[in-house]
Every structure is written in C-alpha cells, then in structure tokens.
Amino acid sequence: MLKYLIQKEFLQIRRNTFLPRLILLFPVMIMCVLPWVMNQEVKNVVVTVVDNDHSTLSRQLIESIRQSPYFKYGGRQTTYPDALSAIRHGSADIAVVIPRGYSKDHIVGNKETPQVLIAANAVNGTKGSIGSAYLSQIITTHNGNRNVNVNEGTMNEGTKFLPLERWGGASLSGGYRELSLYNPHQDYKLYMIPALLAIVTMLMCGFLPALNIVGEKEAGTIEQMNVTPVKKSTLILSKLIPYWLIALLVITLCLLLSWAVYGITSSGPTLLVYLLALLLSLFFSSFGLIVSNYSNTMQQAIFVMWFFVVILLLLSGLFTPVRSMPSWAYATTYVNPMHHFVSAVRTVFIRGGTLPDILPHLLSLAAISTVAAVWAVGSYRKNSA
C-alpha cells in the first residue's frame, strides 16, 4: 500500500507543470546568485578627510587610505563640521581628522601623539565599526605601529565616534601574526554555502508539504483517502518520503554547483552532510504536514509557515553568532533544528569535522525531527468532524 501511495505523490508532482521546474531551478538560483550577494565583508566605505597639517606625512596617510580596497575616497573637507555635515547628508560614511602638528609630533616622538580623530556613522553599526577597524589598522601601520590617540563622543543619535584603541590599535605596538586555520583565504562564500544548504532544504521540504494536505482539502480529494482503510501513519509516511528524496536531489545539486562554480567541496565526509540534510528535511517536512493538518486554506498554511520559518532562521546563528544573543534568546537554540544543522554542517563542510565532532548536534536534530514526525502523524484526522 505504501508503495502505491508514494507513486501517487510523485505522479501529482510530475503532473504539476510548475513544481518540477521549481525543484530544479530554485537551488540553481540560490547557489549561483546568493554566495555573491550574501557577503558581510564591508567594502566601498566612503571616507572624507580633514587635513589640518598639510604635510608630506599627512598626504602619505591619505594616499594609504585611498589605496585600500575597502574604502572610497570622498575628497577633503575644510573643517570638521563640514565633514560631519557630509556624514549627515549621506555623502560620506567616515570622517578622518588629521590635526595640526601631526607630522612634527610624529617626528619628535611624543608619547601622547600623533592624534587622529575618526568619526563614523553608526546608523549601520556593522559598516561603521568594521570600517573604523580597517582605518585604525591603516593609521597604526602608517605610524610605525605606535599608539594612536583619538577622541570619543557622540555626534547625534545613531552616529558616534569610534576610538582606535577599541579595535586593537594599541595592541599592534609589539607586532602580531594572524593565522586563519579553516578558511585561510577568508573566502566568505565558503562560510555561506553550508548556510545556503540549510535555506534550500528548509524552503523546499517545508513549504511544499505544508501545501500538500491543505491543497487536497481545498480540492476535495482528501475525502477519498479518508474513506479508505489506510492507516494514518502510512498516509503521512507516504507524504514524507517523496520530500526526503527531493532533499537528497537538491543537496546533490547544490554540492555539484558548489564544486563546479566555486571549486568548493566539503572538507569532511560528504555522507555526514547528507545525513544532516535528511534529518533536517524530516523535521521540516513533518512540520509542514503539521501546519497543513491544522490549516483549512493554503493561504493560512503559507502565513503560518512563514511565521515559524523566519523565527527559526533568525535565531539559528546562520547570520549572527548565537553567543551574541540575550540569554533567553540563546536558550531557544537548544530546540532550534536550524541551529543544530547549521553548526554541524559548517563543522563538517569547513572544518573537516567527523561524527564525534557533531554528535551532540546530530542527536539533538534527530530527537527534534522524531518528535515532529510523531506529531505529524498524531495531528492528522481522517474524520474532520
């Protein structure tokens, strides 16, 4: 009986002119487009300079800023208020103020100097803080790894001065060496591809099952299944298995595109990536059926799915470190399957982790998925009355 029910599900998918194309085109678009745009590297930060020293050393510092690939030189301003006005009007992101006597104090070697002021627009906190960090490194290097003093304060709401010492300028006096263990070329695409595997699996194996039963409710075909002697567990399993196979197809396609387009392959066992994908697809396909069981219309099912998917996605640590969250938000990661999948698949894909390295995440993901599958079976009612 299960065999024929699975065959029925695949026939429904094949006869739908839209779904087969979606299943193939969606992962292709995700893998070929998003790794280029989902990049948290801060570039093209517009810097305006107020040079009150007009010396050879100050011109060399300005030229160092202009040559950086992270900045766009926004020209010079006559006074500091003019530079702040440029920030307020959006024509600049950061203002660098070089004081009078900068070159002289640098040559004399006064411990209190040279002083450089960085005023960063922190409306976009990431851009302001990281841009200031890049500038601090350039200025510190230009000053021969000497301490650089700055002033701090507030310009207006959402805009602040960011001190160089906060970003390690003072700690560079003894020199340092940076060693990247698992992503030596600092390629952000390597970090994002495992996350995209999670997004593709979540959307493909979550929304399609969510529209399955509720779609049959609207069409009236579910009543034909309800009058048959098919067990609830058999019926739900027949609707889950096709999406597990679709998940395997989608993950295979994503891994092939990762290798063919970017030359990136998993550092750890690929079988573990498939195992994690199967468990995640089990959860989302089960969760989609749960939503479908409780929904009466496709519109209701879609909105309920979006409600939970956005929350699970944002609290998973896919975009931001979970340790940066408040304690109450961090506690939710223990029951968030997306968090366990993202942490485990990045361990395998990037760090080359093996089964013992991801075992806690694997067991948690398996337990959460099993609970969801049992709930999916228990929530289905053959008699809607």
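In this text the structure is predicted, and so the values were computed from the model without any measurement.

*Asks:* Mind showing me how you'd approach the pattern of salt bridges here?
*Replies:* It is possible for side chains bearing opposite charge to pair when their charged atoms get close. For the structure shown, the criterion picks out one salt bridge. When the shortest N-O distance is used, the salt bridge between D51 and R76 registers 3.8 Å. Taken together, the residues span a long stretch of sequence, with D51 in strand β1 (residues 45-51) and R76 in strand β2 (residues 71-76) at a distance of 25 residues.

*Asks:* I would appreciate a short explanation of unusual backbone geometry in the present structure.
*Replies:* Glycine aside, a negative phi is what most residues show, and trans is what most peptide bonds show. Backbone geometry places N44, a non-glycine residue, at a positive phi of 60°. A relative accessible area of 48% means that N44 is categorised as partly exposed. Despite not being glycine, H54 shows a phi value in the positive range, around 55°. Mapping H54 onto the fold places it in the loop between β1 and α3 (56-67). The class of H54 is exposed, set by a relative accessible area of 55%.

*Asks:* For this particular structure, what's the right way to read the layout of surface pockets?
*Replies:* Left-over empty space is what a probe sized like a water molecule reveals as it rolls over the atoms. Approximately 520 Å³ is the volume attributed to the second largest pocket. Elements with a contribution of two residues or more to the lining of the second largest pocket: α1 (2-15), α2 (19-37), α7 (188-210), α8 (212-219) and α12 (298-314). Grouping the constituent residues of the lining of the second largest pocket by class yields 15 nonpolar, five polar and two charged.

*Asks:* Help me understand the confidence of the model for the chain in this model?
*Replies:* When pLDDT is low, close inspection of the predicted coordinates is not appropriate. In the predicted model, the chain carries a mean pLDDT of 81, and 86% of its residues have values of at least 70. Per-residue pLDDT stays below 50 along residues 145-175; that stretch engages in 79 contacts with residues further than four places along the chain or on separate chains.

*Asks:* What exactly am I supposed to notice about the pairing of strand β3 (residues 94-98) here?
*Replies:* Here is the key point about a regular strand: its side chains alternate between the two faces of the sheet. Within β3, five of the five residues are buried, which leaves the element mostly enclosed by the surrounding structure. Of the two faces of β3, both are covered, the one formed by I94, V96 and I98 as well as the one formed by A95 and V97. With five bridges connecting them, β1 and β3 associate as parallel partners. Bridge assignment links T48 to a residue of β3, and that residue is A95.

*Asks:* Whenever I open this one, the pairing of strand β4 (residues 117-120) confuses me. Can you help?
*Replies:* A two-sided burial pattern is seen for β4, the buried positions comprising L117 and A119 on one face and I118 and A120 on the other. Bridge analysis of β3 against β4 gives four bridges, and the strand direction is antiparallel. Within the sheet, the bridge partner assigned to V97 lies in β4 and is L117.

*Asks:* Quick question: what am I supposed to make of the environment of Y191 here?
*Replies:* In this fold, Y191 is placed in helix α7. Sequence separation between Y191 and P35 is 156 residues; the distance between their C-alpha atoms is 9.1 Å. Discounting chain neighbours no more than four positions away, the residues touching Y191 are R346 and I350. A distance of 3.0 Å separates the side chain of Y191 from the side chain of R346, its partner in a polar contact.

The rules behind the values
Residues numbered from 1 in each chain as written. Predicted model: local features only at pLDDT ≥ 70, side-chain atom pairs only at ≥ 80, totals over all residues. Heavy atoms only, no water. Salt bridge = Lys/Arg side-chain N within 4 Å of Asp/Glu carboxyl O. Helix = DSSP H or I, 4+ residues; strand = E, 2+ residues; numbered from the N terminus. Buried < 20%, exposed > 50% of the residue type's maximum accessible area, 1.4 Å probe, protein only. 1 Å grid on protein atoms, 1.4 Å probe; cavity = no way out; pocket = protein on both sides within 12 Å on 5 of 7 lines; lining within 4 Å. Points joined across faces, edges and corners; volume = space filled by probe spheres on them. Nonpolar A, V, L, I, M, F, W, Y, C, P; charged D, E, K, R; others polar. pLDDT = per-residue confidence, 0-100. Contact = heavy atoms within 4.5 Å. Pairing = 2+ DSSP bridges. Polar contact = N/O pair within 3.5 Å; in protein donor to acceptor, adjacent residues only side chain to side chain.

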